[in-house]
Amino acid sequence: MAKDHGPQIKDDALFEALLAQGNSTGKAARIANAKANGSLSHNSVPLEDRTKDALMEQARRIGVAGRSRMNKTDLIAAIRDHG
């Protein structure tokens, strides 16, 4: 049984599993909550298959600093490391 992390975490078991994988608490919380409310799509396009413009938009939404100077590979790494 997963520990109750309070109302801010909607899927405690997934949150704990993500932390055990080495994800930050912020990233684990975002993923666990997105899955719990149904907004985490398992059919989404992999980052490598997205356009640079789409990656720039996602980087802007999550607040990646220095994104305007990044190439596609750097954007993918920054999005994955954000958290």
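A few points on the structure. (Residues numbered from 1 in each chain as written. Predicted model: local features only at pLDDT ≥ 70, side-chain atom pairs only at ≥ 80, totals over all residues. Heavy atoms only, no water.)

### Thoughts on the packing of helix 1 (residues 12–20) against helix 2 (residues 25–36)
For any two helices packed against each other, one specifies the inter-axial angle together with the distance between the axes. Our working definition: Whenever a helix is involved, its axis is fitted only over the stretch in contact; in every case the axis is a line through C-alpha atoms, and angles between N-to-C directions fall within 0 to 180 degrees. The helix and strand labels rest on DSSP assignments: H or I over at least four residues marks a helix, E over at least two residues marks a strand, and numbering proceeds from the N terminus. Handedness of a crossing follows from how the near helix is turned relative to the far one, being left-handed for an anticlockwise turn of less than a right angle and right-handed for a clockwise one. Two residues form a contact once any of their heavy atoms are found within 4.5 Å.
Following both chains from N to C, one finds helix 1 and helix 2 inclined at 145 degrees, their axes separated by 8 Å at the closest point. By crossing handedness, the relation of helix 1 to helix 2 is classed as right-handed. On helix 2, the residues touching L14, F15, L18 and L19 of helix 1 are T25, A28, A29, I31, A32 and K35.

### Brief notes about the nonpolar core
Let me state the cut-off plainly: The nonpolar core is taken to be a set of buried Ala, Val, Leu, Ile, Met, Phe, Trp, Tyr and Cys residues, with the residues joined through side-chain atoms within 4.5 Å. Only protein chains enter the accessibility calculation, which uses a 1.4 Å probe. A residue is then buried if its area is under 20% of the maximum for its type, exposed if over 50%, and partly exposed in between.
With 9 residues, the main nonpolar core is built from L47, L55, A59, V64, M70, L75, I76, A78 and I79. For this core, the element with the most residues is helix 4 (residues 72–81), which contributes 4 residues. Leave out the neighbours within four places in its chain, and M70 touches K52, V64, A65, L75 and A78. Ranked by size, the runner-up nonpolar core spans 6 residues in total, among them I9, A28, A29 and A32.

### Quick word on the packing of helix 3 (residues 52–62) against helix 4
How we decide: Amino acids are sorted into nonpolar (Ala, Val, Leu, Ile, Met, Phe, Trp, Tyr, Cys and Pro), charged (Asp, Glu, Lys and Arg) and polar (every other residue, Gly among them).
Relative orientation of the contacting elements helix 3 and helix 4 amounts to 35 degrees, with a least axis distance of 10 Å. Classified by chirality, the crossing of helix 4 by helix 3 is left-handed. Residues K52, L55, M56, Q58, A59 and I62 of helix 3 pack against K72, L75, I76 and I79 of helix 4. Residue composition of the contact of helix 3 with helix 4, grouped by class: 7 nonpolar, 1 polar and 2 charged.

### With respect to the environment of A32
Within the element layout of this structure, A32 appears in helix 2. Residue classification places A32 among the buried residues on the basis of a relative accessible area of 0%. Each C-alpha atom, one on A32 and one on F15, is 5.4 Å from the other, the two residues being 17 residues apart in sequence. In this view, A32 contacts D11, L14, F15 and L18; residues no more than four positions away in its chain are not counted.

### Side note on helix 2
Let me state the cut-off plainly: Given the number of residues in a helix, its expected span is that number minus one, multiplied by 1.5 Å.
With 12 residues, helix 2 ought to run about 16 Å at 1.5 Å a step, and its terminal C-alpha atoms sit 16 Å apart, in line with that. Listed as buried for helix 2 are A28, A29, A32, N33 and A34. Among the structural elements, helix 1 are those in contact with the buried residues of helix 2.

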